[in-house]
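# Structure at a glance
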Amino acid sequence: MMLRNVFVKSLWDQKRSLVWWCLGIGLMIIITMLFYPSIREMTELNEIFATDENPLMKVFVGDITDITSPEGFVNSQLLIFMVPLLYLVFAIGIGSGSIAGEEEKGTLDFLLAHPLTRESVIVQKFLAMNFAVAWIGVFAWASLVIGAAIVDMEIGYSRLAAATFSGVLLGITYGGIAFLFGAAFGKRSLSIGITGALGIGGYLLNVLGPIVGWLEPFTKISPFYYYSSSDPLANGLDWSHMAVLLVVILLMGGMAILSFRRRDLAVG
Amino acid sequence: MDSVISIRNLTKNYGKNVAIQGINLDVMRGEIFGYLGPNGSGKTTTIRTLLDFIRPTKGVVSVLGLDSRADSAQIRKRIGYLPGDIALYEKMTGRQLLKYIDGLRGGLDWNFVIQLAERFEANIDQPIRTLSRGNKQKIGLIQAFMHAPELVIMDEPTNGLDPLMQQEFYRLVEETNKKGATIFISSHIVPEIERLCSKVGIIRKGELVAVEEVEKLKEKALRKITFVFDMPISKEEFESLPGVIDVEVEGTALKCTIKGPVDALVKAASWHKVIKIISDDGNLEEIFLDFYAG
């Protein structure tokens, strides 16, 4: 394979990790989907979820009233918690290491000894991160489609694609935050720490908001709100919500360029 | 002669720490310039400013007549750089890495790359993580020379190389220089600078304390001279001579250290019958140590 530029090289670096993540996320999705036939028959489950007796449960399965429907099942078992968690972990891992990882290893000096502008390095690495998360998303979507076909679930491929797209944007949003902190400070663990905390905070804010009254107005600062509140699986994409995530992503990339081009680089 | 590297009043602070201070330096086209100083004296800081990895607190740097900050990518297109303590992409093989740079630089003479690899007996088909320190350094050297740059900047280039490869490296530097390239080498190894360089800058605690041609510097060196006469002589006769220090007399032998011209000493000695003269060459190491002692 010809590595002609930083974009391709960055993906090449991730090739093993990409394979394992695709396999892992794919298996997790398909195995979860295999449980659908047994859940489908248990309509009494809906009554349990319908009551407000156990509000904390909603933290992990969402505000679900109908777990036996295809949308209810996929949302509660996969899309509320597990799948976005995996996107986030993957994206934060790549984003935090894009610049800071190279800087800590000392390879950034080597790379920038050649005629590349810092802007070009940022743009190519940022695009590579976007591409990698989208790649995982494609596998997740394919696994959802395959899983649905196996258990004969009535759900549109395009709706699964809409929900996946929304999840990929959520992942890239957090990947972008991690990328920015890595580019601005050159420290990978700092970037993971901050972004991880923002991820947990964003998640909790979004799920607790509807339950805890005074939090409600703040849910809109959580990226998770734009990921799931419009329920893309049931309703298709809400483009105004996607636009918010896209703007945040662009902002992170832009700020990464600004902060990276003005600072000193650390020696390995 | 035009100035290939021009540093004006360069200062770099890290918080309250002064890394380098008020450095003024010109490296002329065609020179092999040695930047000599102990570890932590500010050599790497200076070099990383040339490459625009770090930005000056004060001062202006230009390389090949271009501004080190605004025109950095253009500068880096025309120079070769070997970082000190080089870190390479460990997962790649040397060949993959060099091909990657070929891609970044847009088309190199690949035959020349292979020639360099053969010359240094570099193993370019094994993953870099499996290579020893010296073998990684070879890959670093190849990438610094492979595009036939106008200026090669190297930070501690012989780090990890065995003596045979050091010689090969010296030859490569001299050949490249004969073809017109300017060479800038930082090192803490005096004999290396003495062997290679036409001019040397000595840096101490972030300040440039001397910039001089190696030959001229040697003339200023402290030399140890021993005269053996046919009969015992007195110490006083020689002690007051200009430049003479540390006079010792043992029977018919006079041992002393002299700084600068030896003329007066030789003339004083010629009053006696001289049997033997032992003189060491002024060597840079002593000058270097002298600068650091003082």
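Residues numbered from 1 in each chain as written. Chains lettered and ligands numbered in written order. Predicted model: local features only at pLDDT ≥ 70, side-chain atom pairs only at ≥ 80, totals over all residues. Heavy atoms only, no water.

### Notes on the overall build of chain B
Per the secondary structure count, chain B includes 11 helices and 14 strands. Overall, the C-alpha framework of chain B stretches about 75 × 45 × 35 Å when taken along its three principal axes. Looking at chain B residue by residue over its 294 residues, the buried ones come to 50%. Within the structure as shown, chain B displays about 13300 Å² of accessible surface, and the carbon and sulfur contribution to it stands at 51%. Across chain B, the 39 positively charged side chains and the 40 negatively charged ones have centroids separated by 7 Å. (Helix = DSSP H or I, 4+ residues; strand = E, 2+ residues; numbered from the N terminus. Buried < 20%, exposed > 50% of the residue type's maximum accessible area, 1.4 Å probe, protein only. Areas by Shrake-Rupley, 256 points an atom, 1.4 Å probe, with all protein chains shown as cover. Lys, Arg positive; Asp, Glu negative; His and termini not counted. Charge placed at Lys NZ, Arg CZ, Asp CG, Glu CD.)

### What about the side chain of Glu168 of chain B?
The residue Glu168 of chain B is located in helix H6 (residues 163–178) in this model. Ignoring sequence-local partners within four residues, the contact set of Glu168 of chain B consists of Arg119 and Phe120 of chain B. (Contact = heavy atoms within 4.5 Å.)

### Focus on the packing of aromatic side chains
How two aromatic rings sit relative to each other is given by the distance of their centres and the angle of their planes. The tally for this structure, following the rule as stated, stands at 21 aromatic pairs over all chains. Relative to Tyr89 of chain B, the ring of Phe110 of chain A lies with its centre 6.1 Å away and its plane at 75°, an arrangement referred to as edge-to-face. In this pair, Phe110 of chain A is assigned in helix H8 (residues 107–111) and Tyr89 of chain B in the loop between strand E6 (79–82) and helix H3 (94–105), connecting two distinct chains. Relative accessible area serves as the criterion here: at 8%, Tyr89 of chain B is assigned to the buried category. Through a chain of ring-to-ring contacts, three or more aromatic side chains come together here, namely Phe81, Tyr174, Tyr203, Phe224 and Tyr227 of chain A. Over the aromatic face of Tyr89 of chain B sits the side chain of Lys9 of chain A, whose NZ or CZ is 3.5 Å from the ring centroid. Over the ring of Trp12 of chain A we find Lys15 of chain A, and its NZ or CZ is 4.0 Å from the ring centre. (Phe/Tyr/Trp six-rings, centres within 6.5 Å; stacked < 30°, edge-to-face > 60°. Lys NZ or Arg CZ within 6 Å of the ring centre and 35° of its normal.)

### Remarks on the sheet that holds strand E1 (residues 3–14) of chain B
Residue and element names in this part refer to chain B. Strand order in the open sheet formed by four strands is E2-E1-E4-E5, and the pairing between neighbours is antiparallel. Each edge of the open sheet carries a strand with a single partner, namely strand E2 (17–28) and strand E5 (66–67). Sheet analysis places E1 next to strand E4 (residues 58–63), joined by five bridges and oriented antiparallel. Residue pairing across strands places Ser6 opposite Ser62, the latter belonging to E4. Packed on one face of the sheet, helix H1 (residues 43–50) meets E1, E2 and E4 and runs near 120° to E1. (Pairing = 2+ DSSP bridges. Axes fitted to C-alpha atoms, helices over the stretch in contact; angles between N-to-C directions.)

### Thoughts on the interface of chain A and chain B
With 29 residues of chain A at the contact, the number on the chain B side is 29 residues. When the two sides are added together, the surface that chain A and chain B hide from each other amounts to roughly 2600 Å², 57% of it contributed by carbon and sulfur. Among the residues chain A hides against chain B, the three largest losses belong to Phe110, His114 and Pro115 of chain A. Together they make up 25% of the total. Run the count over chain A and chain B and you get two salt bridges. Linking chain A to chain B there are 18 residue pairs in polar contact (both at pLDDT 80 or more). Grouping the constituent residues of the side of chain A that touches chain B by class yields 13 nonpolar, five polar and 11 charged. (Buried area = accessible area lost by both parts, 1.4 Å probe. Salt bridge = Lys/Arg side-chain N within 4 Å of Asp/Glu carboxyl O. Polar contact = N/O pair within 3.5 Å; in protein donor to acceptor, adjacent residues only side chain to side chain. Nonpolar A, V, L, I, M, F, W, Y, C, P; charged D, E, K, R; others polar.)

### Describing unusual backbone geometry
Residues and elements named next belong to chain B. In this structure, Asp85 takes a positive phi of about 50° despite not being glycine. In this fold, Asp85 is placed in the loop between E6 and H3. Backbone geometry places Lys205, a non-glycine residue, at a positive phi of 45°. By secondary structure assignment, the location of Lys205 is in the loop between strand E9 (199–204) and strand E10 (207–213). Residue classification places Lys205 among the exposed positions, given a relative accessible area of 70%.

### Looking at the confidence of the model for chain B
Residue and element names in this part refer to chain B. Per-residue confidence for chain B gives a mean pLDDT of 92, with 97% of residues at or over 70. The least confident element of chain B, judged by mean pLDDT, is helix H11 (residues 284–293) at 70; the most confident is strand E7 (residues 151–155) at 98. Model confidence for the complex is summarised by a pTM of 0.89, with the ipTM given as 0.89. (pLDDT = per-residue confidence, 0-100.)

### Observations concerning the sheet that holds strand E11 (residues 222–229) of chain B
Residue and element names in this part refer to chain B. With antiparallel pairing, the four strands of this open sheet are ordered in space as E12-E13-E11-E14. For this open sheet the edge positions go to strand E12 (244–250) and strand E14 (274–279), each flanked by a neighbour on one side alone. Taking the axes of each pair of neighbouring strands and ignoring which way they run, one obtains an average angle of 15° across the sheet. Inspection of the sheet shows E11 paired to strand E13 (residues 253–259) by seven bridges, in the antiparallel sense.

### Side note on a positive patch on the surface
Positive charge collects at one region of the surface, where Lys15, Arg16, Lys105 and Arg188 of chain A together with Lys91 and Arg129 of chain B lie side by side. Position of Arg129 of chain B relative to the elements: it lies in the loop between helix H4 (110–119) and helix H5 (133–145). (Patch = residues over 30% accessible without salt bridge, like charges linked within 9 Å, V, L, I, M, F, W, Y side chains within 5 Å.)

### Re the pattern of salt bridges
Counted according to the given criterion, the structure contains 22 salt bridges over all chains. When the shortest N-O distance is used, the salt bridge between Glu102 of chain A and Lys125 of chain A registers 2.9 Å. On the criterion of sequence distance, the pair formed by Glu102 of chain A in helix H7 (residues 82–105) and Lys125 of chain A in helix H9 (residues 118–150) is long-range, its members being 23 residues apart. Here the two residues Glu102 of chain A and Lys125 of chain A agree in accessibility, since each one is buried. For Arg29 of chain B, the salt bridge goes to Glu150 of chain B, with nearest N and O atoms at 3.6 Å.

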